[in-house]
Structures are given as C-alpha cells and as structure tokens.
Amino acid sequence: MRLAKYLARAGVSSRRRAEELIFEGRVSVNDVQVDQPQLQITEEDKVTVDNKVVSGIEDKVYILLNKPPGYISTAKDTHNRPTVIELVNMQAARLYPVGRLDADTSGVLLLTNDGELANRLMHPRYAVEKVYHTWVYGLPRPETLEKLKKGPLIEGEKRTPARIKILKKDPQNNIALLEITLTEGKKRQVKKLCQAIGHPVKKLIRYSFAGLNAGNLKEGSHRHLQSEEIEYLYALVKLESQS
Ligand code: URA
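Rules used throughout
- Residues numbered from 1 in each chain as written.
- Predicted model: local features only at pLDDT ≥ 70, side-chain atom pairs only at ≥ 80, totals over all residues.
- Heavy atoms only, no water.
- Pairing = 2+ DSSP bridges.
- Helix = DSSP H or I, 4+ residues; strand = E, 2+ residues; numbered from the N terminus.
- Domains from an automatic or database assignment.
- Buried < 20%, exposed > 50% of the residue type's maximum accessible area, 1.4 Å probe, protein only.
- Lys, Arg positive; Asp, Glu negative; His and termini not counted.
- Salt bridge = Lys/Arg side-chain N within 4 Å of Asp/Glu carboxyl O.
- Polar contact = N/O pair within 3.5 Å; in protein donor to acceptor, adjacent residues only side chain to side chain.
- 1 Å grid on protein atoms, 1.4 Å probe; cavity = no way out; pocket = protein on both sides within 12 Å on 5 of 7 lines; lining within 4 Å.
- Points joined across faces, edges and corners; volume = space filled by probe spheres on them.
- Nonpolar A, V, L, I, M, F, W, Y, C, P; charged D, E, K, R; others polar.
- Near = heavy atom within 4 Å.
- Sits in = over half its atoms within 2 Å of the grid points.
- Arc of directions from axis to C-beta.

Notes on the pairing of strand β11 (residues 163-170)
Working step 1: Pairing of β11 with strand β12 (residues 175-182), which is carried by 7 bridges, proceeds in the antiparallel orientation. The residue bridging Lys 169 from the neighbouring strand is Ala 176, located in β12.
Working step 2: Counting the residues between successive antiparallel strands, the hairpin from β11 to β12 contains 4 residues, one of them, Asn 174, with a positive phi of roughly 55°.

Okay, here's the thing in structure tokens:
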C-alpha cells in the first residue's frame, strides 16, 4: 500500500495531509526519512511520524455469527438485499464472510478481515470440516444413505464422501433430520447431495464450521472469537500464530 494511503488508513490524517507530512520530512520508514508518498509499505515496515510509531492499519477482527435465514453472505449485494455484514454492524473493520451460506441457510458463519486465515480456511487443501443439520423430505433408507456416504455424482463430478447420521425421524410428517459433515465447500452442496438421493432439503442449518458451533448464540447474534479459538484456527490451517 502507498505510504500516504497507509497513514490515512491508520487514522493519522487525510491522505492529502499525509502527503504534506511526508514532504515536510516528518515521516520515516524503518528509521529512514522519506519524501515519497507513493512509497510501497508492507505490514513489516516500521512507519513513524514525528518519531512516533504508527500502529497497524487495521486490527484483526474475528466474529462468529449465528446467521438467520434471509441474509446473503456477501459483503455487498447488487440487489440491495440485507447482508450478513449489516447484521454485525461494524463499519470500522472491512469484514468478509469465510465462505458462503445460501440466503435461506442459517447457522455458523465466520466473518473476518484476516484475509490469509480466511483463504486457508476455504482452501480444499486444509479440508476444514463443516457440519450441517438438515431436515429433508422423506425418510431415507440405510442403503440410500450409503450412496451419500460414498459421494454421489453431481453434475458429472464425483464428490468427496460425506459423513452422515440420522438424528431424528418424523414419520408423521414424513421428514428426517440428518447430520452431514463435509470437507468440501462447493456451492449449494448439501442441497445438491440430498436432491441426488431423492430427499430434497426442507431446512438447512450449519451446525459448526472448523469445530466452532453457535453454542448459546441466538440466531442473528454474534460474538468475537476468543484468542484460544483464533490460535486453534491458525494451527488448523498451519499458519503461524501472530501472538
Ligand atoms: N450447502 C448448501 O446447499 N447450502 C449452503 O448454504 C451450504 C451448504
């Protein structure tokens, strides 16, 4: 990022004023006075103004949201639908959802401005577990579930096997509650899998992501992750902890 922008982002001044500060010789990078607002700065650089260190541009934020249905999980929507970002109402940090849940899906969604952690949590190499609880139409037979376990073909592609359990059967209403654990994160994957075995999804909840579940969080509420939880996520995707 350009030095002037860095100073502005860190809240030192406006970008224009930051350029003036640089031209006035009041800004140093790694203890060397600089005179170029366009100088590229990385997180490792030490930037000072009047010999005072400018602290990081943005504190890292890690939020666990219990997403209600009716919100889309992108940072912005072209159709002006409500987004999960609006739910946490934190203008200060530029948060992004880690992966996506369909608008009508509820449950655990992580939001963060830590791009490196988010990318790894979504990368297939780390096979992060996502556990879904889904009500499906019909009462699946054991042999049908076996098909799902093996990973049926979806749109011509073989899917990684899923772990699956029946949690409840409701013969009166002809529906069943399944627990499906996936390590892939393909679009509408649970719905497609259930459709493929003839048991369409009625309701879908993400029970946990990377081992984190909503606990006592009500739908629509969120909490900040604790430092041990952040460290655990770092270890899970083999990132070196920042602390
Ligand atoms: N699978 C789906 O079909 N939808 C989701 O929102 C998440 C997983």
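Now that the structure is up, let's keep going.
Concerning the domain arrangement of the chain
Working step 1: Partitioning the chain into structural domains gives domain 1 (3-53), domain 2 (62-125 + 215-236) and domain 3 (129-209).
Working step 2: Computed over C-alpha atoms, the centres of domain 1 and domain 3 are 53 Å apart.

Brief notes about the side chain of Asp 114
Working step 1: Note on placement: Asp 114 falls in the loop between β7 (106-112) and α4 (115-122).
Working step 2: Within the buried core, Asp 114 has no salt-bridge partner, and the shortest N-O distance to an opposite charge, that of Lys 60, equals 5.2 Å.
Working step 3: Only 2.6 Å separates the side chain of Asp 114 from the side chain of Tyr 234, close enough to count as a polar contact.

Concerning the layout of surface pockets
Working step 1: Here the largest pocket defines a volume of roughly 720 Å³.
Working step 2: Lining the largest pocket we find 33 residues, and of these Arg 100, Gly 185, Lys 186, Lys 187 and Arg 188 sit closest to its centre.
Working step 3: Residues that form the lining of the largest pocket fall into these classes: 14 nonpolar, 8 polar and 11 charged.
Working step 4: Counting contributing residues per domain, the lining of the largest pocket is built from domain 2 (62-125 + 215-236) and domain 3 (129-209), each supplying no fewer than three.

Considerations on the site of the ligand
Working step 1: Around the ligand lies a shell formed by Leu 101, Asp 102, Thr 105, Tyr 132, Arg 188, Gln 189, Val 190, Lys 191 and Leu 204.
Working step 2: Between the ligand and Thr 105, the relevant distance is 2.9 Å, taken from an oxygen atom to a side-chain nitrogen or oxygen of the residue.
Working step 3: Because more than half of its atoms lie within 2 Å of the grid, the ligand is assigned to the largest pocket.
Working step 4: Broken down by element, the residue count for the shell around the ligand peaks at 3 residues, all from helix α6 (residues 189-196).

Quick word on helix α5 (residues 142-150)
Working step 1: All buried positions along α5 are accounted for by Thr 144, Leu 145 and Leu 148. End-on view of α5: buried residues confined to an arc of 95°, all on one side of the axis. Projecting away from the buried face of α5 at angles above 90 degrees are the exposed residues Pro 142, Lys 147 and Lys 150.
Working step 2: Gly 151 lies just past α5 and shows a positive phi near 85°.

Concerning empty space enclosed by the protein
Working step 1: If you walk through the whole model with that rule in mind, you get 1 cavity of 30 Å³ or more.
Working step 2: Considering only enclosed or pocket space, the largest cavity measures out at about 40 Å³ in volume.
Working step 3: Considering the residues around the largest cavity, the lining is formed by Tyr 62, Ile 63, Val 98, Leu 110, Leu 111, Thr 112, Leu 117, Leu 121, Leu 225 and Leu 233.
Working step 4: Elements with a contribution of two residues or more to the lining of the largest cavity: β5 (62-67), β7 and α4.

Some points on the sheet that holds strand β3 (residues 47-49)
Consider a sheet: its strands pair through backbone hydrogen bonds, and that pairing is either parallel or antiparallel.
Working step 1: Reading across from one edge, β2-β1-β3-β4 is the order of the 4 strands in this open sheet, with antiparallel pairing throughout. In the strand order of this sheet, the two ends are held by β2 (32-33) and β4 (52-53), each with one partner.
Working step 2: Note that strand β1 (residues 27-29) and β3 share 3 bridges and pair antiparallel. Looking at β3, one finds that Val 27 is bridged to Val 49.

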